[in-house]
Protein chains: 2
Amino acid sequence: MLRSADLHRVTRMRRAEVPAGPRKPMIVELINTGSELMVGRVLNTHQQWLCRQLADAGYCVSRQVAVPDAAECIQVALKEALCRADLVIVTGGLGPTSDDVTRDSVARLLGLPLREDPELLRQIELFFTERGRPIPAAARGEAMVPLNAVVLKNRNGTAAGLALEVPAGRFRHTEKSSWLILLPGPPRELRPMFTEFALPWIREKLPSSAFVCRTFRTCGLGESQVQARVGHRLADLVVKGLSVGYCARPGEVDVRLAFTGADAEKNVAEGEALVRHALGEHVYAADDVALEGLIVGRLTDLQKTVAIAESCTGGCISDRITNVPGASAVFRGAFITYSNLLKEKCLGVKAETLRVHGAVSEPVVREMAAGALGRGESDFAIAVTGIAGPGGGTDEKPAGTVFIALATRSQVLAWRMINPWDRRTFKEVTTQQALNILRLAISAA
Amino acid sequence: MLRSADLHRVTRMRRAEVPAGPRKPMIVELINTGSELMVGRVLNTHQQWLCRQLADAGYCVSRQVAVPDAAECIQVALKEALCRADLVIVTGGLGPTSDDVTRDSVARLLGLPLREDPELLRQIELFFTERGRPIPAAARGEAMVPLNAVVLKNRNGTAAGLALEVPAGRFRHTEKSSWLILLPGPPRELRPMFTEFALPWIREKLPSSAFVCRTFRTCGLGESQVQARVGHRLADLVVKGLSVGYCARPGEVDVRLAFTGADAEKNVAEGEALVRHALGEHVYAADDVALEGLIVGRLTDLQKTVAIAESCTGGCISDRITNVPGASAVFRGAFITYSNLLKEKCLGVKAETLRVHGAVSEPVVREMAAGALGRGESDFAIAVTGIAGPGGGTDEKPAGTVFIALATRSQVLAWRMINPWDRRTFKEVTTQQALNILRLAISAA
């Protein structure tokens with residue numbers, strides 16, 4: 001994860017290193033290998049993630065290619081890319097099974113012999129012994145490394161990444177070497193490896209122009225509303241070269257400001273001030289901070305606790321909160337009362353309230369929040385009840401209807417929302433709304 | 001979602017149409033245009049969707065490329081593809097705004113003049129008048145069509161698709177023409193257009209070979225273990241042309257079998273029998289069925305209910321179950337007892353058990369499961385307690401330690417696992433293990 005502190009530090013470093021004046025834009029290409037991609041069995045999340053990480057670091061990918069796990073296809077795509085690019089990143093095919101052919105294909109294309117890396121072999125052996133599992137014969141093949149390749153450590157698996165210099169003149173007619181990075185396919189192995197080892201290596205070999213990119217995360221407004229509030233205010237900076245992007249996800253909208261050039265930091269800071277002024281408390285964070293992280297951090301500082309009562313979100317709010325390390329210090333727990341039975345037994349919602357108003361109603365959500373606060377012995381409680389759909393709606397309460405309540409030691413507040421989306425999006429949007437209500441209540445505390 | 005019934009139907013139809021005997025495999029390439037793809041601000045869902053639709057119809061995409069919205073980039077990628085492929089599909093850039101350059105770029109590359117299509121213009125005018133909106137000047141440009149192109153109707157927007165024949169010898173040295181299809185970027189326009197108009201056109205111009213692809217989803221074994229059990233058994237079929245792929249995700253591994261040719265269905269069926277025999281109850285489904293869907297479906301059939309007690313997974317199991325429409329008929333609710341307080345109050349775990357054995361222990365998980373069963377008045381209950389980490393581990397119980405219990409009306413069973421992953425992966429793997437234990441118990445019921 002890229003933190004803004006790092007970004008500023010890195011940017012300053014880059015500015016000092018990079019000579020002034022225009023330079024030829026760097027050419028970066030991405031190759032994703034995987035037959036499962038070609039038959040549409042998985043979504044290529046590597047493209048988005050890597051393109052974004054690279055763009056945020058000042059490297060814009062100019063072409064991405066996906067090919068099957070076949071040596072010839074990988075070699076053709078790689079050769080084409082090396083004829084053009086300063087940097088080529090290849091994902092997938094470094095594991096132990098028979099369809100993992102990237103390492104061999106690359107070594108053969110570059111004419112490099114493979115040798116066993118004793119340190120890597122030791123790490124692979126350790127990985128299995130630590131887990132009390134025998135070492136599969138195939139796993140030893142993962143210790144084979146092309147001559148002169150730099151090994152990128154895999155903290156979450158056995159397939160190491162590789163970084164190689166491809167000498168000038170080998171594929172393209174320039175005086176500069178190209179650089180090649182191979183990353184393993186599983187996202188939980190690829191992502192930390194890229195951030196910790198590959199990106200620093202890229203920055204060392206291919207310093208980028210001064211570039212600052214910051215993303216402001218907002219809640220509670222739609223994409224058009226966000227643009228209507230900030231677009232015209234940023235117009236002068238856009239003329240100077242500021243790039244502005246909007247990105248909507250369930251329940252939130254990002255505003256991204258980027259600038260390349262000598263005054264990058266100053267221009268983005270001016271844009272930030274305008275965005276924060278225009279959007280006020282709708283901006284909950286910059287860059288990769290998540291709502292749940294803010295909430296757990298702030299509760300920890302205050303030494304306060306929270307309990308949750310969920311019906312239609314089915315555990316999604318609680319799941320988000322417990323993704324944060326250290327959540328156990330502030331999170332008492334959640335009551336996922338999907339049935340009226342548990343609303344009564346676990347939260348003390350009155351049978352009469354359920355009968356008169358129905359499970360999806362303001363009186364019920366207020367009793368749920370009060371029940372969670374009392375039974376969880378917490379300082380804050382948030383409760384949600386609604387109709388996720390597709391079935392279950394009525395004219396008065398269509399599918400998508402949600403009631404959210406916030407309970408503190410002194411009061412219970414309630415809101416009614418309409419989130420007319422598909423079931424999963426409904427859960428995500430409602431979760432975001434509930435977390436945002438909790439964030440604002442805790443910020444005010 | 002692909003159902004096996006559909007797959008068989010399609011396969012049979014193809015088999016009847018396609019002449020026997022070997023033929024050269026068709027080369028299909030996909031080009032996605034969009035600068036937003038290159039900076040990683042959106043996920044490329046077109047790739048998966050189109051690759052899958054094409055594969056299921058017997059056309060395997062051998063290369064996918066993404067390039068920015070720039071005429072030169074689109075032309076270079078298209079020229080490369082037309083030098084190799086029988087069929088090239090390009091997405092995006094057909095709309096009315098300044099960054100929509102695909103139509104012009106293609107016409108210029110192929111040397112075709114653009115002419116206004118009167119019928120298309122009439123449809124575009126109708127689109128706006130039906131909605132009571134004035135016709136933007138830029139929208140008229142969408143009626144410009146390269147000479148001899150076939151117009152593919154857009155039921156959900158104004159940007160028509162286009163289908164073109166590229167004569168033999170123009171880009172590649174064969175006696176056959178290539179075929180080119182341009183589709184608009186928005187998924188809700190692209191998808192119906194592809195299904196209703198583009199795919200029938202492809203089938204007419206390029207009849208495909210018989211192709212069958214099935215994915216078997218497994219739980220409880222690692223990727224190397226799965227391959228060790230099935231790889232050698234499939235060897236004879238691989239010699240005949242069966243393609244075998246493995247794909248690992250947190251807590252599960254897919255085995256994908258695909259075959260192109262006259263005996264596709266028979267060979268994949270033989271492969272399936274071998275996979276199912278070798279992996280037994282580890283195979284939980286074929287194709288796109290998820291564990292939670294199986295569980296809710298089976299419980300609904302049995303008219304049985306489930307309740308859940310979660311500690312370390314923090315609501316993740318409950319979130320998965322409630323993603324399934326209709327879950328409310330079988331899911332009583334969940335007790336997310338992140339604190340000892342709630343373990344005692346909500347589930348009736350004894351203070352003594354917590355004191356003597358600790359919250360992460362077999363006796364506690366058994367009492368949690370029994371408590372969830374009793375208080376949820378359910379037929380099945382699953383309980384989980386563990387150390388998600390990164391903190392909280394000890395020598396005896398390192399971070400990653402998990403206890404899972406299953407309670408039924410007649411017994412409580414417990415398991416101990418070690419899931420030494422990062423916090424999120426830990427939650428996902430543990431959730432998968434718990435759902436798998438529940439699946440097996442329900443299957444046996």
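Residues numbered from 1 in each chain as written. Chains lettered and ligands numbered in written order. Predicted model: local features only at pLDDT ≥ 70, side-chain atom pairs only at ≥ 80, totals over all residues.

With that out of the way, let us pick up the overall build of chain A. Looking only at helices and strands, chain A has 17 helices and 17 strands in total. In terms of its C-alpha atoms, chain A occupies a principal-axis envelope of roughly 80 × 60 × 40 Å. Counting every position in chain A, which comprises 445 residues, the buried fraction comes to 49%. (Helix = DSSP H or I, 4+ residues; strand = E, 2+ residues; numbered from the N terminus. Buried ≥ 20, exposed ≤ 12 C-beta atoms within 10 Å, placed from the backbone.)

Residues and elements named next belong to chain A. Across the interface, helix 9 (residues 223-230) lies against helix 11 (residues 264-279) with an axial gap of 9 Å and an inter-helix angle of 120°. Looking at the two axes, helix 9 sits oblique to helix 11. Here helix 9 runs over helix 11; the crossing is right-handed. Residue-level inspection shows V226, R229 and V230 of helix 9 in contact with helix 11, the latter providing L274, V275, A278 and L279. Its residues assigned to classes, the contact of helix 9 with helix 11 comprises 6 nonpolar, no polar and 1 charged. (Axes fitted to C-alpha atoms, helices over the stretch in contact; angles between N-to-C directions. Parallel < 35°, antiparallel > 145°, perpendicular 65-115°, else oblique. Left-handed = near helix turned anticlockwise from the far one by under 90°. Contact = placed C-beta atoms within 7 Å. Nonpolar A, V, L, I, M, F, W, Y, C, P; charged D, E, K, R; others polar.)

Here we take up the packing of helix 3 (residues 45-56) of chain B against helix 8 (residues 187-205) of chain B. All names here are of chain B. The geometry of helix 3 relative to helix 8 is characterised by a closest axis approach of 12 Å and an angle of 20° between their N-to-C directions. In terms of their interaxial angle, helix 3 and helix 8 are classed as roughly parallel. Crossing handedness for the pair helix 3 and helix 8: right-handed. Taking contact as the criterion, the partners of T45, H46, W49, L50 and Q53 in helix 3 are, on helix 8, P187, L190, R191, F194 and L199. Looking at side-chain class alone, the contact of helix 3 with helix 8 contains 6 nonpolar, 3 polar and 1 charged residues.

Turning next to the interface of chain A and chain B. A common way to report how large an interface is uses the accessible area buried once the components associate. On the chain B side, the residues contacting the 69 residues of chain A number 68 residues. Looking at side-chain class alone, the side of chain A that touches chain B contains 32 nonpolar, 23 polar and 14 charged residues. Bridge count between strand 14 (residues 331-336) of chain A and strand 14 (residues 331-336) of chain B: 3 bridges; the pairing is antiparallel. When the bridges of strand 14 of chain B are listed, I336(A) appears paired with A334(B). (Pairing = 2+ DSSP bridges.)

Attention now moves to the sheet that holds strand 13 (residues 306-310) of chain A. On the basis of which strands lie adjacent, the open sheet formed by 10 strands has the order 17(A)-16(A)-15(A)-13(A)-14(A)-14(B)-13(B)-15(B)-16(B)-17(B) and mixed pairing. Among the strands making up the open sheet, the edge pair consists of strand 17 (412-418) of chain A together with strand 17 (412-418) of chain B. Geometrically, the sheet is characterised by an average inter-axis angle of 10° between neighbouring strands, direction not taken into account. Sheet analysis places strand 13 (residues 306-310) of chain B next to strand 14 of chain B, joined by 5 bridges and oriented parallel. Residue pairing across strands places E310(B) opposite I336(B), the latter belonging to strand 14 of chain B. Contacting strand 13, strand 14, strand 15 (380-386), strand 16 (401-408) and strand 17 of chain A, helix 16 (residues 362-375) of chain A crosses the sheet at an angle of about 35° to strand 16 of chain A. Along the sheet, helix 14 (residues 340-347) of chain B contacts strand 14 of chain A together with strand 13 and strand 14 of chain B; its crossing angle with strand 14 of chain A, the most-contacted strand, is approximately 30°.

On to the sheet that holds strand 3 (residues 87-91) of chain A. Strand order in the open sheet formed by 12 strands is 6(A)-7(A)-8(A)-3(A)-1(A)-2(A)-2(B)-1(B)-3(B)-8(B)-7(B)-6(B), with mixed pairing between adjacent strands. The open sheet has two free edges, formed respectively by strand 6 (150-152) of chain A together with strand 6 (150-152) of chain B, since each of these has just one partner strand. Averaged over all pairs of adjacent strands, the angle between their axes in this sheet comes to 20°, without regard to strand direction. In the sheet, strand 6 of chain A pairs with strand 7 (residues 161-166) of chain A via 3 bridges, with the strands oriented antiparallel. Bridging from a neighbouring strand, V150(A) pairs with A163(A) of strand 7 of chain A. Along the sheet, helix 3 (residues 45-56) of chain A contacts strand 1 (28-33), strand 2 (61-67) and strand 3 of chain A together with strand 2 (61-67) of chain B; its crossing angle with strand 1 of chain A, the most-contacted strand, is approximately 160°. Where helix 4 (residues 71-84) of chain A meets the sheet, it contacts strand 1, strand 2, strand 3, strand 7 and strand 8 (178-183) of chain A together with strand 2 of chain B, and its direction lies at approximately 175° from that of strand 1 of chain A.

As a further point, take the environment of W49(B). Locating W49(B) in the fold gives a position in helix 3. Spatially, the C-alpha atoms of W49(B) and R191(B) are 8.3 Å apart, while their sequence positions differ by 142 residues. Those residues in contact with W49(B) that sit more than four places away from it in its chain are G40(A) and R191(B).

Now for unusual backbone geometry. With an omega of 5°, the peptide bond between G389(A) and P390(A) qualifies as cis. Tracing the backbone shows P390(A) in the loop between strand 15 and strand 16. Non-glycine residue N148(B) carries a positive phi angle of around 70°. Tracing the sequence through the fold places N148(B) in the loop between strand 5 (144-146) and strand 6.

Bringing the pairing of strand 3 (residues 87-91) of chain B into the picture now. Residue and element names in this part refer to chain B. For strand 3, a buried count of 5 out of 5 residues is recorded, marking the element as mostly surrounded by other parts of the structure. Pairing of strand 1 (residues 28-33) with strand 3 involves 5 bridges; the strand directions are parallel. From the neighbouring strand, N32 faces strand 3, where its bridge partner is T91. The pairing of strand 3 with strand 8 (residues 178-183) spans 5 bridges and is parallel. Looking at the pairing, L87 lines up with W179 of strand 8.

Along its sequence, chain A is organised into domain 1 (24-205), domain 2 (211-286) and domain 3 (291-444). On a C-alpha basis, the centres of domain 1 of chain A and domain 3 of chain A stand 44 Å from each other. (Domains from an automatic or database assignment.)

All right, on to the nonpolar core then. Core analysis: the biggest nonpolar cluster contains 121 residues, and I31(A), L78(A), V88(A), I31(B), C51(B), L78(B) and V88(B) have the highest contact counts within it. Those residues in contact with V88(B) that sit more than four places away from it in its chain are E29(B), I31(B), L78(B), A81(B), L82(B), S178(B) and L180(B). Listed in part, the 111 residues of the second largest apolar core include Y284(A), L406(A), A309(B) and I437(B). (Core = buried A, V, L, I, M, F, W, Y, C linked by C-beta atoms within 7 Å.)

Attention shifts here to helix 6 (residues 118-130) of chain A. The periodicity of an α-helix, 3.6 residues per turn, causes residues three or four places apart in sequence to face the same way. Given a rise of 1.5 Å per residue, 13 residues ought to cover 18 Å, and the 18 Å separating the end C-alpha atoms of helix 6 of chain A matches this to within 8%. Looking one or two places after helix 6 of chain A, you find G132(A), whose phi comes out positive at around 65°. (Expected span 1.5 Å × (residues − 1).)

This part covers the confidence of the model for chain A. All names here are of chain A. Here chain A shows a mean pLDDT of 89. Residues at 70 or above account for 95%. Confidence drops under pLDDT 50 across residues 1-22; counting only partners more than four residues distant or on other chains, this segment forms 23 contacts. Interface scoring of the predicted complex returns ipTM 0.76; its pTM is 0.76. (pLDDT = per-residue confidence, 0-100.)

The residue S98(A) is located in the loop between strand 3 and helix 5 (102-110) in this model. Along the backbone, S98(A) and Y284(A) are 186 residues apart, and their C-alpha atoms lie at a distance of 47 Å.

Turning to the pairing of strand 10 (residues 243-249) of chain B, a few remarks are in order. In regular strands, side chains alternate between the two faces of the sheet. Residues and elements named next belong to chain B. Among the 7 residues that make up strand 10, 5 are buried, leaving the element largely enclosed by the rest of the structure. Bridge count for strand 10 against strand 11 (residues 252-260) is 7 bridges, and the pairing is antiparallel. Across the sheet, residue A248 finds its bridge partner in strand 11, namely V253. Between strand 10 and strand 11, which follow one another and run antiparallel, lie 2 residues, and G251 among them has a positive phi close to 80°.

This paragraph deals with the environment of L291(A). Mapped onto the elements of the fold, L291(A) is located in helix 12 (residues 291-302). For L291(A), the contacting residues outside a window of four places in its chain are Y284(A), Q432(A), L435(A), N436(A) and R439(A).

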